[in-house]
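# Coordinates in review
Single-letter residue listing:
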There are 2 protein chains.
Amino acid sequence: MEEFKNIELDDSKSEYLYIQLYRIIKRKIIDNELKPNSKLPSVRKFSEILNINKTTIVKAYKMLEDGNYIYKKVGSGTYIYDISTNEEYIDSKYIEYSRNKINLGSGIPSEELFPVEDFKESINYVLDKYKGKAFGYQDSKGDESLRKMIFKIFIKEKMDITTNQIQIISGAQQGIDLVSKALLNAGDFVMTESPTYTGAIAIFKSRGCQFTTINIDYSGIDFEEFERKVIQYRPKLFFTMPNFQNPTGYTYSEEEKLKVLELSKKYSFYIVEDDYSSELNFSNIKIKTLKELDKNERVIYIKSFSKIFLPGLRLGYLIVPEVLEKKISSAKHSTDIYTSGLIQKTFEVFLKDEKWAKQFDLIYEMFKQKYYIATDVFKNHLPDNVKLNKPNGGVNFWLELNENVDTNKLYDYLLKKNIIIAPGNVFYLNNKKSNSIRISVASVEKDKLREYLIVFCDSLKNYLQNERETKKIQVL
Amino acid sequence: MEEFKNIELDDSKSEYLYIQLYRIIKRKIIDNELKPNSKLPSVRKFSEILNINKTTIVKAYKMLEDGNYIYKKVGSGTYIYDISTNEEYIDSKYIEYSRNKINLGSGIPSEELFPVEDFKESINYVLDKYKGKAFGYQDSKGDESLRKMIFKIFIKEKMDITTNQIQIISGAQQGIDLVSKALLNAGDFVMTESPTYTGAIAIFKSRGCQFTTINIDYSGIDFEEFERKVIQYRPKLFFTMPNFQNPTGYTYSEEEKLKVLELSKKYSFYIVEDDYSSELNFSNIKIKTLKELDKNERVIYIKSFSKIFLPGLRLGYLIVPEVLEKKISSAKHSTDIYTSGLIQKTFEVFLKDEKWAKQFDLIYEMFKQKYYIATDVFKNHLPDNVKLNKPNGGVNFWLELNENVDTNKLYDYLLKKNIIIAPGNVFYLNNKKSNSIRISVASVEKDKLREYLIVFCDSLKNYLQNERETKKIQVL
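Residues numbered from 1 in each chain as written. Chains lettered and ligands numbered in written order. Predicted model: local features only at pLDDT ≥ 70, side-chain atom pairs only at ≥ 80, totals over all residues.

## Considerations on the nonpolar core
- Ranked by internal contacts, the top residues of the largest apolar core, which has 203 residues, are Val272 of chain A together with Val272 of chain B.
- The residues contacting Val272 of chain A, other than those within four sequence positions of it, are Ile176, Val179, Leu237, Phe238, Phe239, Ile300 and Ile302 of chain A.
- Listed in part, the 31 residues of the second largest apolar core include Tyr371, Phe397, Ile419 and Val426 of chain B. (Core = buried A, V, L, I, M, F, W, Y, C linked by C-beta atoms within 7 Å. Buried ≥ 20, exposed ≤ 12 C-beta atoms within 10 Å, placed from the backbone. Contact = placed C-beta atoms within 7 Å.)

Okay, here's the thing in C-alpha cells:
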C-alpha cells in the first residue's frame, strides 16, 4: 500500500477531490506504475490512508470503472484493468510499435503503395470539374454514378443484382456497423467463425448481442455442429470471411459455401460476407464469393477498396438484399449521413480512367511475390514442431504451435527482438488462450520480406528451444 | 381490389414466386400506384385472386414489412406505409426537390460557398508533402497535430481541457452516434428537447432507447418539469442545442444554462451539446456554450466544421470528459476505425494557413446579411395571425400558426407553388402534429432571399385566407 500514501489532494483547488484522485490513479495506470491486475485498496482503507471522505473514493473508483481502467470482482475487491489486452487497440498498437521494427503483426499494407500521383490527378480533375458541387449533399446510399461504375466494373458479369442494391460505405468496418444497426437488437444471437476478426465482435458486442461460434479448421467445417448451433441459438446472422479467412487463411470449398447458403435459407438467417481479399488468389483453383452463389438474397456482401488496394482511402460498398436496401441506407443516414462526396467522385474518376486496373495489377503482383516468398521461407525455416496450413492466397499465415506454448509470452519475447506478431488469443471471443499465431505479410516491404521472415523463424526456434530447456530444468 | 388482379407471376422463372410478388408490390408502392395508408388484400383473399398458395403471400408480406413498405394493424389488416413521411428522409427529400424551387426547408448551406480553390491548394500541398503517408493508418482519436491545431485555434482561450479530450469525427451525426454507442444501452432513457433535430432521435431509437422530452418555448424552460422528469425517468443523457436551437432558434439564457449544468451534476446525467451554429450570433448579447460553463465534466460537446462553414467536408470534433475518452475512441474504432487521413491533414493545413479564418468571415458576414433580410421581411410581410419569436442568430426561423392550421396541408400547398418549407411535425417524436413551421435561410442564395421570402409570405397569406373561407362555407 506504500504507493498510495504519497498521493496528495489539494482541497483549495476548484477541482473536486474525487476528480483529482481519479486523475492521479489514471495517470499511474497509464504510466504502468500500477500494474495490471494488481489490487487497489478498499474504500475504507483508502479513505483512512488519505484521510478523506469515503464518498470521494467511491466516486473516483466509479469514474475509473466507467473508463475501463479498473474492474471489480464481487467479494474480492477492486483491480487494475490490463489496458494492453483491449482487443480493439491491438491493431493500432501494432502500427504504433512498428517504426523500425519487423512488423508481421499488422494486416494493413504500408502506405508507400498508395498511387499518390494518379490520385492527385483524379482529385484535381474532380475539383476543377465539379467545384463546390463535389462537396454537395449526397444521397445516403452513395453517389449514383459511382454506384453505376462499381456495378459495371465489379459486378455485372458476376452477380444478378441491381445498382440499387449497392450501398457506399466509408470502409468495411462501417459496413459491419451498418448491418448491425439494421438487423441486430440487444440479446440477439450472432454466429461467427472462431477465430475471427475481432473488430466485428466489438460491434456486435456494442449492440448487446450474444455469440455462438463455429470452428475454422483446415480439416473442414463441421456442418453437423453448425446446424445444431443454428437450431439451438437461432442466430440472426452469420459473420464470415469464406475466402482466405482472417486470421487462418482458410478458404471454404464450393461445397461448403453452398451448404452455408442452404442452411441460411432453411433457418432464415442472413450471411454477412466480409470479402477481405478474395482477389488475392494465387492458386489454380477458381474461387467464388458467397454472394456470387447466393440465389435467395441471403448474403450481405462487404467490400472495401481501401484495405488492400488503396490503403487509407476509407471507401467501400455493400451489396444488400433488396428487402434490406431501405433499412441499410437509413442506418447509413443516422450513422454519418453520407460518405465524403469528394472521395466518392474522385474514386469514380479513378475507376473510369483505368487507374484502378493499373493499381490492382501492381498490388496483385506484389502480394503474389510476397506469398511465394513466405511459403518458401516457411517450408525451409519453420521449426519442426510448428504447423503451417498453407492458404491459397491472401496476406495471412496461421501457425499452430505445440499445445503448451503460451503465445502471449512468445509475443513478448519476439517484441524484445523487435519482431511483432499477432498472438492467436486476440482473434478469439473473450481473448481465449490460443497456441496459434498469425503472421501477416501485408505491411513489410517486399524486398525485406525474405530476410525478416528468416529472422522470425530463427527467433521462434530459439524461443521454443529455450522453453523446452526451462521446462526440463523445472522437471529436474 | 382491381389493381391486384392484373399481377402476373411466372412459375417457370428461377426466382421464387414470393420474391416476384414482393418486387411487384414494392414497385407499385414506389411508383405511388398503391397509395399510402391504403389497405392490401388479406392473405386469404389475395391467394384466391392470384390463385397461389397462402404461404407465398405471407412470405411476400413479411419481406415488405421488413423493408418498411407496409405495416400491420392488429385486427384490421395490412396497409401501405407512407414512405414520404419517414423522418430520416425529410432532409434528403428537401435537397432532392430543391432544383428550381424556393428551398426554405433545408438547413444545409448551398455548395457554392465552398472555397474550392483554397481547399485545392491545401490538398495538393498535403499530397506533395506527405505522399502515401497522407493515407496511412490514423489513430482512432484523430491526427494528433490536427487535434493540437484545433485546441490552439478554437479551445485554448475558452475551455480548460486537454488535447487528449478532443476526438475527431466525420461530421456531427457521427458524433451523436459515437456518444450513443459509448453511453447508451437498450431501454435507457434519453432526454431531448421538443421539438428537436430528428437525426439524433433516429440514433437513440436505433440503440433501443426510450424518451422523455422538455418543451422549448420562448417563454423559457420549465425547470420544475425538467427536474421532475429527470427524477422520474433518470435519463442517461440530455441532448440539447442550447444556442439557436434547431428548429426553434431559441437560445438558453446563461442562467438556464447554469441550471441545466447544476441538474446534470445533481442527477449524474451527461449533457450532449450539439453546437450547431453558436458562432452565428447577430445580437449584442454574448453567448457561451454549455461546455465553456461546465466545471464538472458533464458536457460532451459536438462541433461540425462542415455543417455551416465548409459544407460537405464531413469533419468535426468532440470534446469528451476525460473519463469517457477511451470509451469514445473505442466506439470510433469499431464504427469506422478512423476518419480519412487525407481530409484531416488537408484541414489542418487549411487552418494553419488562415484559410479557415477567411472562410469564416465570409460565411459569417453572409449569414448576418441573410438574418437581417429575413427579420425585415417577416416584420413587414408575415400575416397577422402568424407569430415569429425572433432568434438572436443562426439560420432558422420558427413560425407559429393558428392552432387549427394543418401544417402538412400547408406544406403540400406551398410545394405546388414551388416553395419548400419544413412542417413542424418532422421535428417531433413520433411525428406529432404541430402548428409551427421552420423556415431556414441556409440554402437560398443571398441575393434572391428577399424576393423568395416575400413570395413565401404572400403564399402563406393566401393559404390562410382560403382556409378561412373553406371553413366558413363548411359552417354555412
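## A few points about the relation of the copies chain A and chain B
- Here chain A sits on chain B after a turn of 180° about the axis and a move of 0.1 Å along it, with an RMSD of 0.1 Å. Both copies of the chain, as the preceding transformation shows, are related through a two-fold rotation axis. Judged by C-alpha distance, Ala186 of chain A is the residue of chain A that lies nearest the rotation axis, at 3.3 Å.
- Residue by residue, 96% of the interface of chain A is reproduced at the interface of chain B, so both copies engage with the same surface. (Least-squares fit on C-alpha atoms with pLDDT ≥ 70 in both.)

## Concerning the domain arrangement of chain A
- Taken as a whole, chain A is organised into domain 1 (2–84), domain 2 (87–107 + 357–475) and domain 3 (117–353).
- When each unit is reduced to the centre of its C-alpha atoms, the spacing between domain 1 of chain A and domain 2 of chain A is 38 Å. (Domains from an automatic or database assignment.)

## Concerning the sheet that holds strand β10 (residues 299–304) of chain B
Residues and elements named next belong to chain B.
- Read across the open sheet, the seven strands follow the order β5-β11-β10-β9-β8-β6-β7; overall the sheet is mixed. Strands at the two margins of the open sheet, each flanked by one partner only, are β5 (166–169) and β7 (210–215). Across this sheet, the average inter-strand angle for adjacent strands is 20°, counted without regard to direction.
- As judged from the four bridges shared by strand β9 (residues 270–274) and β10, these two strands associate in the parallel manner. Pairing of Glu273 across the sheet is with Tyr301, part of β10.
- Lying on the sheet, helix α7 (residues 144–155) is in contact with β5 and β11 (316–319); it crosses β5 at an angle near 115°.
- The strands touched by helix α10 (residues 223–233) within the sheet are β6 (189–194) and β7, with β7 carrying the most contacts at an inclination of about 170°. (Pairing = 2+ DSSP bridges. Helix = DSSP H or I, 4+ residues; strand = E, 2+ residues; numbered from the N terminus. Axes fitted to C-alpha atoms, helices over the stretch in contact; angles between N-to-C directions.)

## Structural notes on the interface of chain A and chain B
- Counting from both sides, the interface comprises 57 residues of chain A and, opposite them, 56 residues of chain B.
- Counting only elements with at least two residues in the side of chain A that touches chain B, the list comes to α4 (54–66), α5 (87–97), α6 (116–130), α8 (172–183), α9 (198–206), α13 (325–336) and α14 (341–352) of chain A.
- Per-class residue counts for the side of chain A that touches chain B are 20 nonpolar, 23 polar and 14 charged. (Nonpolar A, V, L, I, M, F, W, Y, C, P; charged D, E, K, R; others polar.)

## Considerations on the confidence of the model for chain A
Residues and elements named next belong to chain A.
- When pLDDT is averaged along chain A, the result is 90; 95% of the residues meet or exceed 70.
- Of the regions scoring below 50 in pLDDT, residues 86–91 engages in nine contacts with residues more than four places distant in sequence or in other chains.
- Interface confidence for the predicted complex, given as ipTM, is 0.80, next to a pTM of 0.82. (pLDDT = per-residue confidence, 0-100.)

## Quick look at the environment of Leu113 of chain B
Residues and elements named next belong to chain B.
- Within the secondary structure, Leu113 is located in the loop between β4 (102–103) and α6 (116–130).
- Leu113 gets classed as buried once you count the C-beta atoms within 10 Å, which come to 22.
- As a C-alpha pair, Leu113 and Gln359 span 246 residues in sequence and 8.8 Å in three-dimensional space.

## Comments concerning the sheet that holds strand β2 (residues 70–73) of chain A
Residues and elements named next belong to chain A.
- Taken in spatial order, the three strands line up as β1-β3-β2 in an open sheet, and their pairing is antiparallel. Across the chains shown, the open sheet's two edge strands, defined by having one partner strand only, are β1 (39–40) and β2.
- Two elements, β1 and strand β3 (residues 77–80), share two bridges in a ladder whose sense is antiparallel. Pairing of Lys39 across the sheet is with Tyr79, part of β3.
- Across the face of the sheet, α4 comes into contact with β2 and β3 while running at roughly 105° to β2.

## Describing α7 of chain B
- Buried within α7 of chain B we find Leu146, Arg147, Ile150 and Ile155 of chain B. With its buried residues spanning 105° around the axis, α7 of chain B presents them on a single face. (Arc of directions from axis to C-beta.)

## A look at helix α4 (residues 54–66) of chain B
All names here are of chain B.
- An ideal rise of 1.5 Å per residue puts 18 Å on 13 residues; α4 measures up with 18 Å between its terminal C-alpha atoms.
- Among the residues making up α4, those that are buried are Thr56, Ile57, Ala60, Tyr61, Met63 and Leu64. Angularly, the buried residues of α4 cover 160° about the axis, an arc narrow enough to put them on a single face.
- Where α4 is buried, its residues touch α2 (17–30), α3 (43–50), β2 (70–73) and β3 (77–80).
- Residue Asn68 follows α4 closely and has a positive phi angle near 60°. (Expected span 1.5 Å × (residues − 1).)

## Some words on unusual backbone geometry
- Of note, the amide linkage connecting Ser194 of chain A to Pro195 of chain A takes the cis form, showing an omega dihedral of 0°.
- Looking at the secondary structure, you find Pro195 of chain A in the loop between β6 (189–194) and α9.
- Asn246 of chain A connects to Pro247 of chain A through a cis peptide bond whose omega is 10°.
- Within the secondary structure, Pro247 of chain A is located in the loop between β8 (237–240) and α11 (254–266).
- Located in the positive-phi region is Arg314 of chain A, a residue other than glycine, with phi close to 60°.
- Backbone geometry at Arg234 of chain B places phi at a positive 45°, although glycine is not the residue there.
- Within the fold, Arg234 of chain B resides in the loop between α10 and β8 (237–240).

## Examining the packing of α6 of chain A against α6 of chain B
- Where α6 of chain A contacts α6 of chain B, the two axes come as close as 11 Å, and the packing angle between them is 180°. The angle between α6 of chain A and α6 of chain B falls in the class roughly antiparallel. Together, Val116, Lys120, Ile123, Asn124 and Leu127 of chain A of α6 of chain A and Val116, Lys120, Ile123, Asn124 and Leu127 of chain B of α6 of chain B make up the contact between the two elements.
- A class-by-class count of the residues in the contact of α6 of chain A with α6 of chain B yields six nonpolar, two polar and two charged. (Parallel < 35°, antiparallel > 145°, perpendicular 65-115°, else oblique.)

## Digging into the pairing of β3 of chain A
Residues and elements named next belong to chain A.
- Summarising the sheet, β2 and β3 pair through four bridges and their orientation is antiparallel. Directly across from Ile70, in β3, lies its bridge partner Ile80.
- Once β2 ends, the chain turns through three residues before running back antiparallel as β3, passing Gly75 with a positive phi of about 75°.

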